[in-house]
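Topology and contacts: notes
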Amino acid sequence: MRICVIGAGFVGLATGVTFGKLGYEVVCCDIDKGRVKSVNSGTLPFYEPPLEKELRILVKKGSLAATVDTVAAVKASKFAFVCVQTPSLPSGRIDLRPAKTACGSIAKALKYSRDYIVVVMKSTVVPSTTDLFIRPILEKGSGKTAGRDFGLCMNPEFLQEGSALKDSMEPTRIIIGSLDRRSGDMLESLYAKIKSPRLRTDLRSAEMIKYASNTFLATKISYSNEVANMCVRLGIDSEPVLKAVGMDPRVGPLFLKPGVGFGGSCLPKDVRALKDRVRLEGYESRMLSTLLKMNDEQPREAIRLLENAIGDLGNKRIAVLGLAFKGGVDDVRETRAVPLITGLLAKRARVVAYDPMAMQNFIRLMPTIEYASSVSECMKGADGCIIQADWPQFRKLGKKEISLMRAPVIVDGRRCLDPATIKRAGGKYLGIGYGLQ
Ligand SMILES: NC(=O)c1ccc[n+]([C@@H]2O[C@H](COP(=O)([O-])OP(=O)(O)OC[C@H]3O[C@@H](n4cnc5c(N)ncnc54)[C@H](O)[C@@H]3O)[C@@H](O)[C@H]2O)c1
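Residues numbered from 1 in each chain as written. Predicted model: local features only at pLDDT ≥ 70, side-chain atom pairs only at ≥ 80, totals over all residues. Heavy atoms only, no water.

**Things to note about a nonpolar patch on the surface**
Rule in force here: The patches described consist of residues with a relative accessible area above 30% and no salt bridge, like charges being joined within 9 Å and nonpolar side chains (Val, Leu, Ile, Met, Phe, Trp, Tyr) within 5 Å. Using the Shrake-Rupley algorithm and a 1.4 Å probe, accessible areas are obtained, with residue cover drawn only from the displayed protein chains. We define a salt bridge as a side-chain nitrogen of Lys or Arg found within 4 Å of a carboxyl oxygen belonging to Asp or Glu. Secondary structure elements are taken from DSSP: a helix is a run of H or I of four residues or more, a strand is a run of E of two residues or more, and numbering for both begins at the N terminus. Think of it in three bands: residues with accessible area under 20% of the maximum for their type are buried, residues over 50% are exposed, and the middle band is partly exposed, with areas taken using a 1.4 Å probe on protein chains only.
On the surface, Met-230, Leu-234, Ile-236 and Val-241 cluster together into a nonpolar patch covering about 350 Å² of accessible area. For Met-230, the position within the fold is in helix α9 (residues 203-233). For Met-230, a relative accessible area of 45% gives the class partly exposed.

**Considering the pairing of strand β2 (residues 25-29)**
For clarity, the cut-off: Here the rule is simple: two strands pair whenever DSSP picks up at least two bridges between them. A crossover counts as right-handed when, viewed with the strands pointing away from the observer, the path leading from the first strand over the helix to the second turns clockwise.
For β2, the buried fraction is high: four of the five residues fall into the buried class. Inspection of the sheet shows strand β1 (residues 2-6) paired to β2 by five bridges, in the parallel sense. The residue bridging Arg-2 from the neighbouring strand is Glu-25, located in β2. In this region the chain leaves β1, passes through helix α1 (residues 10-21) and returns to the parallel neighbour β2; the handedness of that crossover is right-handed. Across four bridges, β2 lies against strand β3 (residues 64-67) in parallel orientation. Residue pairing across strands places Cys-29 opposite Thr-67, the latter belonging to β3.

**Brief notes about the nonpolar core**
Note the following rule: Among buried residues, the Ala, Val, Leu, Ile, Met, Phe, Trp, Tyr and Cys ones that are joined through side-chain atoms within 4.5 Å form a nonpolar core. Every residue pair with non-hydrogen atoms within 4.5 Å of one another is taken to be in contact.
Counting 58 residues, the largest nonpolar core has Leu-321, Leu-344 and Ile-410 as its most contacted members. At five residues, the largest contribution of residues to this core is made by helix α13 (residues 299-310). In this structure, Leu-344 is in contact with Ile-303, Leu-306, Leu-313, Ile-318, Val-320, Ala-349, Val-351 and Ile-386, ignoring residues within four places of it in sequence. Within the second largest apolar cluster, 45 residues are counted, among which are Ala-99, Ile-106, Ile-117 and Met-121.

**Things to note about the site of the ligand**
As a reminder, the rule being used: Note on definitions. A residue lies near a molecule or strand when any single heavy atom of the residue is within 4 Å of it. Polar contact is the term for a pair of N or O atoms within 3.5 Å; when the atoms are in protein, one must be able to donate a hydrogen and the other to accept it, and sequence-neighboring residues count only if both atoms are side-chain atoms. Classification convention: Asp, Glu, Lys, Arg as charged; Ala, Val, Leu, Ile, Met, Phe, Trp, Tyr, Cys, Pro as nonpolar; all other residues, Gly among them, as polar.
Neighbouring the ligand are 27 residues; Val-11, Asp-30, Thr-86, Thr-124 and Lys-269 lie closest to it. Contact between the ligand and Gln-85: an oxygen atom at 3.3 Å from a side-chain N or O atom of the residue. Here a nitrogen atom of the ligand sits 2.9 Å away from a polar atom, N or O, in the side chain of Glu-161. Alone, the ligand offers 830 Å² of accessible surface; in the complex the protein occludes 93% of this. Residue assignment for the shell around the ligand shows that the elements contributing at least two residues are α1 and α5 (97-111). Ranked by residues supplied to the shell around the ligand, first place goes to α5 with three residues. When its residues are assigned to classes, the shell around the ligand shows 12 nonpolar, eight polar and seven charged.

Spelled out as structure tokens, the structure:
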């Protein structure tokens, strides 16, 4: 059976590779010819090593290929998964233009197909989008009726970059929102070999589940930041405090790490989008507004710790380690490195930055700062260093790197280092929720 995936990005390629590994024939469609070429040569257009390894195997076997011809690919498939981007517009609303174009192509294919093709929204879209925006595009463009002539489902994706394939092959839950029973049954049987818990819902609930999940994660991160900010002012290390909070099974230990805030392509945009969506219904979510404000301000906490330790930042050389939105990825979408470095520059600091994988992507965002080609080069002569992303190699910072600094002050913006190791290596360790007031 053939499955078509529209949008060869993180979600599209993780979905395509997952279904390829489950034994289906997969066609990935993208409007970007470079991406299509890259996928057909078994190379990912982003850094995600385990996914790339499996992609290469499937392409070699001939069970996964990419194309720019979405109409032909959908016509020859039983399922069409929509995995295009839904980025924020300046208002916070999501930009549905990529989804509109993708669904326009699907509608053309539906028009000439005799099969009952199931269209599955995997892109994150605010509640009612699938029913009130996507469905009319499909119905008008095809002249057919959803739920009778073709299927329509909403199947949110919960993968995390850095573990995309594992999360996609072993999801924490499979949410199947469907317009009609038949398309829901068909989608559920497609996932038959994956043994994760599943939940059947309507389209709107499936859309909301994704937003409720991501706003909860954003809340957990902001809560940790708030506890850490309070702890440091009370002379308490937040680490054992948050660890103890997470020992309560009602809370759980994950996402309870303080830092410079949440970034990436999902959490900030999903919080903004849900806030905007409910405002359309006359509801002002004070919680979501506060979350966004707290997150905007959190990078300042790292700058404050640094200033308290070394004084005025004017003309001081500050090393920023980690530019991706988190360690282990090369994605710089909404990375906290931007407000952090902007804040340092506003204080007239001289910033030198380094990231093992995300440098090329980041240079496009901030072309005029100084970049180093290694951790050592970055730290050489620095008056202070801020860790912005938790790359494993930063955890190995030791005497060699610290002795290169002019003043050995390390601000751990992700609480990923061991304070004792830094101190033994001659450094002064400060972290979000740890150290100076
Ligand atoms: N990245 C994540 O970690 C993640 C996790 C869960 C959910 N999501 C959601 O999944 C969706 C996709 O995210 P992503 O990170 O994979 O995006 P992405 O930007 O990495 O990839 C989107 C791809 O779609 C392609 N595209 C755009 N319009 C197209 C069209 N008309 N036809 C064919 N291809 C088209 C783009 O060229 C791009 O390659 C978003 O709604 C996002 O919020 C993302």
